[in-house]
Amino acid sequence: MLKPCRLLLLQVTLRLSYHIVTASLCLGGSDIFAVIRENSPMGQFIANLSVTAEPGSNGFRICVTGKNADWFFLDGRTIRLNSSTSKVLDREVQGSLLIAELTCYEEDVIQSQYRILVQILNENDNEPKFQLETTQPVYINELTSVNSVVFTVKAVDADGDTITYIIDQSSPDSSYFRIDLPNSGSVVLDKPLDYETKTHLQLLIWATEANTLEKFNTSTSLTINIQDGDDQYPHFLPCTPVSADVPVCTSPVYSANITEKHQSLILVFSPGPIRAEDGDRGLDSPLIYSILSGGDQGRFVINNRTGEIRLTRAVNDRRQTPSFRLSIMASQLDDPLKYSVASALIRVLGENRFPLVFNTTTYKGFVTPSSSPATIVSTYGNQVLLMQVMDQDFSDGLNPNVQYSLRPSSGLYHITREGVLIARTDRVHTFDRHILQVIARDEESGEEVSASVDIEVLQRGQAVPRGTFNDQQQFGDVDTQMAGGIAAGFLLVFVAGALFLLLRTIRRKNRREPTDHSSVSLGKPPKEMNRQSGHFHGQQGVYTRRESLIPSSVSTDISIGGVSRNLYPVVSRSEDLTEAVKSSMRATGADGSNVTEEMQQSSAFRDSVQGEDITGQGNDPYRTMLATIYAESSSEEGQ
C-alpha cells in the first residue's frame, strides 16, 4: 500500500520540477508599450523582447496574437511594423491604438502572455472636406432682409484640425454675401436681392486649416437660387423700359380704327393685342382687366380675363366723335392694389371705298456708280424716279397716311416718305441689277399694296435711256406721222395754187364770151343778177352761206382768211370741178382718189357747208377748199 503512494508522490514531484524548469525559459517578459507615427514604413521598429530564452530553442516558441496581430511581425527578439504600399498605417482609419498579445509557448503549452499596446501618432495628412449636405443649391426669397444668415456651410478635417471659412472675392456674386464669424461657416446676406434683375447667384467658399503649418484647404461652389417675391406691379406689353438701368416699363398707347358702319366688332389694336403681365414673373399672378373711363356708356366693353375690347354699337356721326380714348386698368386678382393703367385710342374713319393703286406694277430705275454716298435714282429721260400710290378716297388722290418701305430691307437703297428712291452709289457696281419690292402701307387702315422696281447700274458717263425700245419706236412713229403731215400740208398748198391757176385760166376764157348769156338764159338783166348773187361771209374758220339763186356760170366771192376775193368761177357741174381737182393733184404727183370720198362724206358735213358753221377747219386749206366745192355743187344741184 505504501509503495504505490510513494510512486504517486514521486510523479507529482517530478512534474512540479518540470514546470519550474520550463517556466524559467519565459521568465523576464513584460507588457510592451510603444509609440509609432501613422504612415510609418514597412519594418518600422516597435520594441524588443525581454524574455530569457531565445525563440526556437529547447521547444521554446513566442507568437503575436490578438486583434491587431497582423500589423506586427517578429524579427528575432524584435517586434516590427507589418505594413506595405497597399497597407498603410492610417490613424484616421485604424484608430489611435494598436492592441495585440505576445504569447510564450513551451512544447505547445502556453507558458505566459504579455500585452502589446502601440499608440499611433497623428500626422497632418488630410485636407478639410465640406459636408455634402451643406453644399447643395440654396433657395432664398428676394424679400429676405439684409444682415440675416441665409445659409451655413460645414467642412471637417479627419486630422481634427480647426477650420476657418472665407468667401472668395473673385467669385461673380461675392458682393451679395459675407461671413462674420470665420469659424462658424454662417453666410450673411450683405445687400438686397432682386429676382427681376438676377435669378441665380454663384459663390465660392474656401475651408482652410487654422492650426497647422501645412494650412491645407479646400473649396466649394454654391448655387443660390433667388425666389420671386410679390414686390412688382403688373405692366402692359410691349414693355418699354424707362432706361437701361431702370427696369420699369412705360405703358404703351394702343390704337385701333373703326368706321361709322362698324358695330358688334372685336377691335384689333396696334400694338396688340391688349395684354398685361405680372411684374413678378416667377409668380405670374392672374390679372383682371377693366375700363376706367372712355367706355361711352357701354359702347366699348372689355373681357376682364383676356383684355379683348368689343364695340357694341355703331358711331352715329364721326364728325361729332372723331375718336375715343379709353383708360384700361390691369390689376392682380390676389392683390387689387397692385395695378397698371394704359390708354387706347380708337379713331373713327371714313369708309375706305377705294384701294391703294400704284400707277404701274413695275418701275425702271437707273443709277451710276460714284464716290457720292447717296444719289436719287432716276428713270427714263433722266427724270426722278417717283413711286406713289393713288387713293381716290382723297380729293387730290394722295393719302397722307401712306408709308413706303422696301422688302427685303437693303443697305444699298432707301425710300423716302414721298416715294423717292435713294441709292448708295458708293457701294453699287457697274452692270449690277437690283430688283426690289416697294410696299405702300396706309398706317391708318392697315391696307398694303406693292410694286416692284428694277434698278440697273450704268457705266460711268453712260447716258440714261430716253425710254424702252417700244417707247422709242412709238416716238419714231409719231415723228414720221408729223413729218408726213407737214409734207401733206405743203402738198395741199401746192395743189391749191395749181387749182387757182386752172380756175383763173377758165375765168379768162369765160370773159371772152358775151356777158349777157347768163341773163338771157334766166330772163333777167345782168345787174340784177349780180345783186342776187350769193356770198360767203364771216371770219377765218367760220363760214355762213345765205340763200342764193345765182346761175352756175356767174363767179362767186369766197371769204378766205377774212378777205373776200373773187377766186373761183362756178362751173356748170360739180363733177367737172372734182375732176379738175384730181387732175391738178395728179399733176403734182399726189393721189387724188380721196377727193371724191371727201366730197361724198356724210350729209352732216354737207349740211354744215350749206347752212351750219364749220369750226376747227380754218387752218386746213384742204378742208376749206372742200367746203367751197361742196357749196358750189349744192348750189348747182339746187338750181
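This section reports on the structure supplied with the text. Since we're looking at a predicted model, the values are computed, not measured. (Residues numbered from 1 in each chain as written. Predicted model: local features only at pLDDT ≥ 70, side-chain atom pairs only at ≥ 80, totals over all residues. Heavy atoms only, no water.)

### Side note on the overall build of the protein chain
In step 1: Of regular secondary structure, the protein chain possesses nine helices and 42 strands.
In step 2: Across the 639 residues in the protein chain, those meeting the buried criterion constitute 37%.
In step 3: When contacts within the protein chain are restricted to residue pairs at least 6 apart in sequence, those whose partners lie at least 24 apart make up 63%.
In step 4: Working note: accessible area of the protein chain is about 36,900 Å², and carbon and sulfur atoms make up 53% of it. (Helix = DSSP H or I, 4+ residues; strand = E, 2+ residues; numbered from the N terminus. Buried < 20%, exposed > 50% of the residue type's maximum accessible area, 1.4 Å probe, protein only. Contact = heavy atoms within 4.5 Å. Areas by Shrake-Rupley, 256 points an atom, 1.4 Å probe, with all protein chains shown as cover.)

### A few points about the pattern of salt bridges
In step 1: One pass over the structure, following the stated rule, counts 17 salt bridges.
In step 2: A salt bridge links D317 to R319; the shortest N-O distance between them is 3.3 Å.
In step 3: Taking the shortest distance from any N to any O, the salt bridge between D454 and K364 comes out at 3.4 Å. Here K364 lies in strand β29 (residues 362-367) and D454 lies in strand β38 (residues 448-457), a separation of 90 residues in the sequence.
In step 4: D454 sits in the buried class, given a relative accessible area of 9%.
In step 5: A single salt-bridge network, built from bridges that share partners, covers K364, R433, D454 and E456. (Salt bridge = Lys/Arg side-chain N within 4 Å of Asp/Glu carboxyl O.)

### Quick word on unusual backbone geometry
In step 1: The omega torsion of the bond from S270 to P271 falls at -10°, within 30 degrees of zero and hence cis.
In step 2: Mapped onto the elements of the fold, P271 is located in the loop between β21 (265-266) and β22 (276-277).
In step 3: Of note, the amide linkage connecting R407 to P408 takes the cis form, showing an omega dihedral of -5°.
In step 4: Of note, N382 is a non-glycine position whose phi angle comes to about 60°, a positive value.

### A word on a nonpolar patch on the surface
In step 1: A grouping of V242, V246 and V248 is seen on the molecular surface, where their side chains present a nonpolar patch of about 230 Å² in accessible area.
In step 2: For V242, the position within the fold is in the loop between β18 (240-241) and β19 (249-250).
In step 3: We classify V242 as exposed; its relative accessible area is 52%. (Patch = residues over 30% accessible without salt bridge, like charges linked within 9 Å, V, L, I, M, F, W, Y side chains within 5 Å.)

### Comments concerning the sheet that holds strand β25 (residues 309-311)
In step 1: Strand order in the open sheet formed by three strands is β21-β25-β24, and the pairing between neighbours is antiparallel. Both outer strands of the open sheet, β21 and β24 (300-302), are each paired with one neighbouring strand and no more.
In step 2: Bridge count for β24 against β25 is three bridges, and the pairing is antiparallel. Bridge assignment links V301 to a residue of β25, and that residue is R310. (Pairing = 2+ DSSP bridges.)

### Some points on the nonpolar core
In step 1: Judged by nonpolar contacts, the single largest core of 24 residues is most densely connected at F151, F177, V187, I205 and I224.
In step 2: The biggest single contributor to this core is strand β15 (residues 200-209), with four residues.
In step 3: If we skip the residues at most four places from it in the chain, I224 touches V138, I140, F151, F177, T199, H200, L201 and L203. (Core = buried A, V, L, I, M, F, W, Y, C linked by side-chain atoms within 4.5 Å.)

### Topic: the sheet that holds strand β20 (residues 253-259)
In step 1: Overall, mixed pairing links the four strands, which are arranged β20-β27-β26-β23 in an open sheet. Of all strands in the sheet, those bounded by a partner on one side alone are β20 and β23 (287-293). This sheet shows a mean twist of 30° between the axes of neighbouring strands, independent of strand direction. (Axes fitted to C-alpha atoms, helices over the stretch in contact; angles between N-to-C directions.)

### Considerations on the state of the cysteines
In step 1: For the structure shown, the criterion picks out one disulfide.
In step 2: Two residues, C239 and C249, share a disulfide whose sulfurs are 1.7 Å apart. One quick way to see it: the torsion about the S-S bond of C239 and C249 is about -80°, and its sign makes the bridge left-handed. One end of the pair, C239, is in the loop between β17 (235-236) and β18; the other, C249, is in strand β19, with 10 residues separating them in the sequence.
In step 3: Accessibility expressed as a relative area gives 22% for C249, which makes it partly exposed. (Disulfide = S-S within 2.5 Å.)

### Structural notes on the packing of aromatic side chains
In step 1: On inspection of all chains with the given rule, the structure shows seven aromatic pairs.
In step 2: Considering the side-chain rings of F130 and Y165, the 6.2 Å spacing of their centres and the 50° angle between planes classify their relative orientation as tilted. Here the residue F130 occupies a position in strand β8 (residues 129-130), and Y165 occupies one in strand β12 (residues 163-167), the gap between them amounting to 35 residues. Residues F130 and Y165 agree in their burial class; the two are buried.
In step 3: Note on Y176 and F177: the rings are 6.5 Å apart at their centroids and 50° apart in plane angle, and the pair reads as tilted.
In step 4: The class for F177 is buried, based on a relative accessible area of 3%.
In step 5: Through a chain of ring-to-ring contacts, three or more aromatic side chains come together here, namely F151, Y176 and F177.
In step 6: A cation over a ring is seen here: R61 above Y105, with NZ or CZ 4.2 Å from the ring centre.
In step 7: Positioned above the aromatic ring of Y176 is the side chain of K191, whose terminal nitrogen or guanidinium carbon lies 4.3 Å from the ring centre. (Phe/Tyr/Trp six-rings, centres within 6.5 Å; stacked < 30°, edge-to-face > 60°. Lys NZ or Arg CZ within 6 Å of the ring centre and 35° of its normal.)

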